[in-house]
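# A look at the structure
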Amino acid sequence: MYTVGDYLLERLSELGIKEIFGVPGDYNLKFLDHIVEHPNLKWIGNANELNAAYAADGYARTKGVSALVTTFGVGELSAINGIAGSYAEKVPVIQIVGSPTMAVQNAHKLVHHTLGDGKFDHFENMHESVTEAIGSLTKENAVTEIDRVLRAAVLKRRPVYLNLPIDVAEMVVEKPSGPLLPKQASLSAREVELVHELEKALQQAKNPVVLAGNELASFHLETYLADFIHKFNLPITTLPFGKGVFNEEDEHYLGVYAGSPTEEGLRKRVDTADLVVALGAKLTDSATSGFSYDFSEKQLFSLASDEVIVKEEHLEGIHLPAVMKALTSIDYQGYQGDIQPMARLKSIKPTNQVLTQRHFWEAIEGFLEKGDTAVAEQGTSFFGLSTVPLKSEMSFIGQPLWGSIGYTFPAMLGSQLANPSSRHLLFIGDGSLQLTIQELGMALREKLTPIVFVINNNGYTVEREIHGPNEIYNDIPMWDYQKLPLVFGGSEQSVITYKVTTELELANALKAARLDNNRLQWIEVVMDQTDAPELLMKLGKIFAKQNS
Ligand SMILES: Cc1ncc(Cc2c([C@@H](C)O)sc(CCOP(=O)(O)OP(=O)(O)O)c2C)c(N)n1
Ligand SMILES: [Mg+2]
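Just so it is clear, the model here is predicted, and its values are computed rather than measured.

On to the layout of surface pockets, then. By volume, the largest pocket amounts to about 1100 Å³. Around the largest pocket, the lining comprises 37 residues; the ones closest to its centre are Glu-263, Met-342, Thr-387, Val-388 and Glu-534. Here the lining of the largest pocket takes 5 residues from helix α14 (residues 357–367), the largest share from any one element. Its residues placed into classes, the lining of the largest pocket shows 17 nonpolar, 8 polar and 12 charged. Mapped onto the domain boundaries, the lining of the largest pocket takes at least three residues apiece from domain 2 (189–329) and domain 3 (357–546). Estimated volume of the second largest pocket: approximately 710 Å³. Ala-217, Glu-222, Gly-244, Ser-395 and Phe-396 are the residues nearest the centre of the second largest pocket, which is lined by 38 residues in total. Looking at the lining of the second largest pocket, the elements with two or more residues in it are α3 (49–63), α10 (215–218), α11 (222–231) and β15 (395–397).

Pasting the structure below:
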């Protein structure tokens, strides 16, 4: 019999999803049977629902969309921080919550996983602010609501929520009668007008620059961006919140622009441009070092899905995919000036010196390879890696806006499942790892072989840079990071660990790790708790001032 549950799974499969994350509960067990039986779907059980939401987020950034299944109340509320992060950073994650039967709900029974008040809409309501759409499925509306809510996720690039009662999931329905997604929308009259205005502004500009942001990754518009830059020979920079949307080995690429701490040549180039064309960019505090950009809205022409800024006017957002496509065929002779490409590192010679953040990130620049996926956790990891030039065809994942530490470990695993052919590299601090380490069990069970760099600097260095350098609240228990893989089910066949404290030890570990594709690489990198990347040292002062 073909049920509502089957219909939902058919639609998820149609969207390209192959793995579904989550944690079972008695309100979703029967639905999980349908996942297990589905020929094109695989259940990936997570250690907890927060990790499931993080893994789903990473999966969606790479695959395009993702889904997780949680149980009513206790499961979904563990996941909600991850869902909020997906909302903030425009990542389409489908949160499917198994709930008690309609009979139990209509009778307002005092059942487990509720607040004991006979009400069943509390938790759905709590998701209002962090989802694009909510579908509370009943026998009458299940099929239309599933299609409406899934369409909203994909078109708006935001998480959505489906409340799936046990008996509704088991109800018999017809198979889908047509495709879920409509054809790509064409430009509205207003959008045509905006494209013409940008065309004119470019024709009149002497030294324009393109500033690319995270939405170009959210909507997977990297190809349109590359066509636009190459066709019109435009210089381009990215915010840290958008790193990786353009090939950083390309001669048009100027480096990462992060406001005042940016390398002087690039900072001046952007701040003095007579036209800053911001595409899919959100000028947040962590992306612009406390809003320290020095260009004004007079110079800015910003196109994003939830806001347009033109001639200092703030207007409603646009359908970014259609506009990006239109930009590749504007009437513009192209930028006539020359482009100073970004300075590249000369190769470095490791010594027996103890490791510093500076040397570590220089060594990583030489270690990165074409096609890798680099994932950087909040802290010295993100602010270290964000200034390291990527190789071509690389992807970059971070969460600089929402910034929920621990996110990147499950997110990297989710992304690695979404794209097994890209070697995933995770850079994560000891503090962050301690929040979501349980997912190491899933990594080993799924035989994933990423390269994980655990930066052991004895606590929360990023926080020490902001406030309380020697306070106990920035200290954490010292773990034996070498032993963790064995604790979480690893063996010599599935994982190899390294502990590096000097430049030479790091060089040897990097060489060995790159060659070993068959095992998870677990590299503990010991660095001083007062050592931080230059960008973070500057940012620490800026955030301390912003918080005063
Ligand atoms: C869920 C959660 N809790 C707390 C914080 C605050 C916080 C940071 C805010 C600023 O985002 S950075 C950080 C510590 C990171 O320490 P680490 O992982 O060891 O990194 P480092 O390499 O810097 O030592 C915390 C606790 C957070 N971002 N997210
Ligand atoms: Mg740390």
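When the UniProt feature table is mapped onto this chain numbering, "domain: Thiamine pyrophosphate enzyme TPP-binding" (unreviewed entry) sits at residues 389–524. Along residues 389–524 the backbone is 35% helical and 19% strand, and the end-to-end C-alpha distance reaches 23 Å.

The next thing to look at is the packing of aromatic side chains. Enumeration over the complete set of coordinates arrives at 19 aromatic pairs. Aromatic side chains Phe-72 and Phe-120 sit 6.0 Å apart centroid to centroid with 35° between the ring planes, which places their arrangement in the tilted category. You can see Phe-72 sitting in the loop between β3 (66–71) and α4 (74–88) and its partner Phe-120 sitting in the loop between α5 (102–106) and α6 (122–126), a full 48 residues away along the chain. Neither Phe-72 nor Phe-120 differs from the other in exposure class; each is buried. Plain terms: the ring middles of Phe-360 and Trp-361 are 4.7 Å apart, the flat faces sit at 75° to each other, and that makes the pair edge-to-face. For Phe-360, a relative accessible area of 0% translates into the label buried. Taken together, the ring pairs connect Phe-360, Trp-361, Phe-367, Phe-427 and Phe-453 into an aromatic cluster. Over the face of the ring belonging to Phe-396 we find Lys-243, whose NZ or CZ atom lies 5.9 Å from the ring centre. Sitting over the ring of Phe-367, Arg-514 keeps its end group 4.4 Å from the ring centre.

Rules used in this analysis
Residues numbered from 1 in each chain as written. Chains lettered and ligands numbered in written order. Predicted model: local features only at pLDDT ≥ 70, side-chain atom pairs only at ≥ 80, totals over all residues. Heavy atoms only, no water. 1 Å grid on protein atoms, 1.4 Å probe; cavity = no way out; pocket = protein on both sides within 12 Å on 5 of 7 lines; lining within 4 Å. Points joined across faces, edges and corners; volume = space filled by probe spheres on them. Helix = DSSP H or I, 4+ residues; strand = E, 2+ residues; numbered from the N terminus. Nonpolar A, V, L, I, M, F, W, Y, C, P; charged D, E, K, R; others polar. Domains from an automatic or database assignment. UniProt positions renumbered as here; feature names shortened; annotations may be inferred. Phe/Tyr/Trp six-rings, centres within 6.5 Å; stacked < 30°, edge-to-face > 60°. Buried < 20%, exposed > 50% of the residue type's maximum accessible area, 1.4 Å probe, protein only. Lys NZ or Arg CZ within 6 Å of the ring centre and 35° of its normal.

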